[in-house]
Amino acid sequence: MRWQDVRVEETAIFGAVTLVSGPEALLAERAIRSLTQRALAERPEASVTTLEGAGLDASALAQATTGSLFASDAIVIINPISEVPAELFDTLAGYAKTPQSDLGLVLVHPGGVKGKRLLDALKKAKVAVVDCPTIKPWELAGFAINEARRVGGRIDQGTAARLVEALGADARAVAGAIRQLLDDSDDRVVTEAAVRRYFTGRADVTSFTVADHVMAGRRNEALGALRWALDTGVAPVLVTSAVAAAVRQQGRYSDLAGQRMRDGDVAREIGVPPWKVKDLVRHSRDWTARGLADALQRVAVADAAVKGSAADPAFALERMVLDVAALRGRRPESGMGR
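Residues numbered from 1 in each chain as written. Predicted model: local features only at pLDDT ≥ 70, side-chain atom pairs only at ≥ 80, totals over all residues. Heavy atoms only, no water.

1. Focus: the overall build of the protein chain
For step 1, the next point in the chain: Scanning the protein chain from N- to C-terminus turns up 15 helices and seven strands.
For step 2, the next point in the chain: Computed over its C-alpha atoms, the radius of gyration of the protein chain comes to 25 Å, more than 25% above the 20 Å expected for a compact globule of 338 residues.
For step 3, the next point in the chain: Principal-axis analysis of the C-alpha atoms gives the protein chain an extent of 80 × 50 × 45 Å.
For step 4, the next point in the chain: Residue burial in the protein chain is summarised as follows: out of 338 residues, 47% are buried.
For step 5, the next point in the chain: At a minimum sequence separation of 6, the contacts of the protein chain that also span at least 24 residues come to 77%.
For step 6, the next point in the chain: Entry remark: accessible area of the protein chain is about 17100 Å², with carbon and sulfur atoms responsible for 50%. (Helix = DSSP H or I, 4+ residues; strand = E, 2+ residues; numbered from the N terminus. Rg over C-alpha atoms; globule rule 2.2 N^0.38 Å. Buried < 20%, exposed > 50% of the residue type's maximum accessible area, 1.4 Å probe, protein only. Contact = heavy atoms within 4.5 Å. Areas by Shrake-Rupley, 256 points an atom, 1.4 Å probe, with all protein chains shown as cover.)

2. Brief notes about unusual backbone geometry
For step 1, the next point in the chain: Note the cis peptide between Asn79 and Pro80, where omega equals -5 degrees.
For step 2, the next point in the chain: Tracing the chain through its elements places Pro80 in the loop between strand 3 (74–79) and helix 3 (89–97).
For step 3, the next point in the chain: The backbone of Arg188 shows a phi angle near 60 degrees, a positive value even though the residue is not glycine.
For step 4, the next point in the chain: Among the structural elements, Arg188 can be located in the loop between helix 7 (171–183) and strand 7 (189–190).

3. Details of the side chain of Arg30
For step 1, the next point in the chain: Secondary-structure assignment places Arg30 in helix 1 (residues 25–42).
For step 2, the next point in the chain: Given a relative accessible area of 12%, Arg30 falls into the buried group.
For step 3, the next point in the chain: Separated by 2.5 Å, the side chains of Arg30 and Glu147 make a polar contact.
For step 4, the next point in the chain: For Arg30, the contacting residues outside a window of four places in its chain are Glu147, Arg150, Ala175 and Arg179. (Polar contact = N/O pair within 3.5 Å; in protein donor to acceptor, adjacent residues only side chain to side chain.)

4. A word on the packing of aromatic side chains
For step 1, the next point in the chain: Tallied over the entire structure, the rule returns zero aromatic pairs.
For step 2, the next point in the chain: If you follow Arg43 out to its NZ or CZ, it ends over the ring of Phe14, 4.1 Å from the centre. (Phe/Tyr/Trp six-rings, centres within 6.5 Å; stacked < 30°, edge-to-face > 60°. Lys NZ or Arg CZ within 6 Å of the ring centre and 35° of its normal.)

5. A short note on the pattern of salt bridges
Side-chain pairs of opposite charge can arise where the charged atoms are in close proximity.
For step 1, the next point in the chain: Evaluation of the coordinates by the stated rule reveals 18 salt bridges.
For step 2, the next point in the chain: Salt-bridge contacts for Arg30 lead to Glu147; the nearest nitrogen and oxygen are separated by 2.5 Å. Here Arg30, found in helix 1, pairs with Glu147, found in helix 5 (residues 140–150); they are 117 residues apart in sequence, far enough to count as distant. Of the two residues, Arg30 and Glu147, both sit in the buried class.
For step 3, the next point in the chain: Between Arg150 and Glu147 there is a salt bridge, with its nearest N and O atoms 3.2 Å apart. Of this pair, Arg150 and Glu147 both sit in helix 5, three residues apart, roughly one helical turn.
For step 4, the next point in the chain: Judged by relative accessible area, which is 45%, Arg150 ranks as partly exposed.
For step 5, the next point in the chain: Through salt bridges with shared partners, a single network forms among Arg30, Glu147 and Arg150. (Salt bridge = Lys/Arg side-chain N within 4 Å of Asp/Glu carboxyl O.)

6. Considering the pairing of strand 1 (residues 16–21)
For step 1, the next point in the chain: Counting buried positions along strand 1 yields six of six residues, so the element is predominantly enclosed.
For step 2, the next point in the chain: Of the two faces of strand 1, both are covered, the one formed by Ala16, Thr18 and Val20 as well as the one formed by Val17, Leu19 and Ser21.
For step 3, the next point in the chain: With six bridges connecting them, strand 1 and strand 4 (residues 103–109) associate as parallel partners. Looking across to strand 4, one finds that Ser21 is bridged to His109.
For step 4, the next point in the chain: Here strand 1 runs beside strand 5 (residues 128–131); their pairing, made up of four bridges, is parallel. (Pairing = 2+ DSSP bridges.)

Next comes the structure, spelled out in structure tokens:
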């Protein structure tokens, strides 16, 4: 996948400008660290300076890029260039057009259109680009597997999915959890038991678990999971968010069900991990379009309640669980299909 390896090994550093571009901050940080380490391995005496893009002026830029009394070679990182004042655009583009052999310039852009004129000038100068794309929700389990492999460990697909479910769509949290779990493992293997042990209250019973029970129509299990989740500190708003997401995912699957698509393509289209598609297929037999629409209305009411319109958020969530689960399997009286 695109994010599996931040490709910096083949890029020249001194006498060049490198653009680290993309919104995934974790990958950008790793790219910057790798570039800096390579540069220092090549020229150990080089100075390393990091400049904030916001408020940068010509004097500070010139001082950083001309080395120092103790080091003629300089590695300069400017982060983010989206905040660099427009009057410095031409100066930075000039470094790309006329590189300095004793300067390694790393420019970091978080994505988006801000600073587009500078980006266009850098790309026109054909600077080396290290892409740091967002890691999509359905890629996170694969990211966890790759992360474990990267640091000399192993985690299987099911356990990785469980970990992602526990932590949510946060690549940095997933990476940190992988390191923690592997450090505490004798054989450098992350097991599902370890995930449960370390993330009790998150992995054992999360808002996603409540949503899964609701979509399957398991009202008693959903209520039990809800009460345990609330007792272990899960915020009520996370429960309404998880159930809303589950209902929307089911609806998106219903829209795609008549098309001939592989599970991986369906997962990408909907925005879920590939293993989740099997659940959507199974639940699709029991959810009508009307039922899904009514379910979203019930969730919206509960969401407003837990955000302040009700005195008892727990009661509002229990009402939502019962109401939404009851909508599963209902068919319109007119006999119309989904």
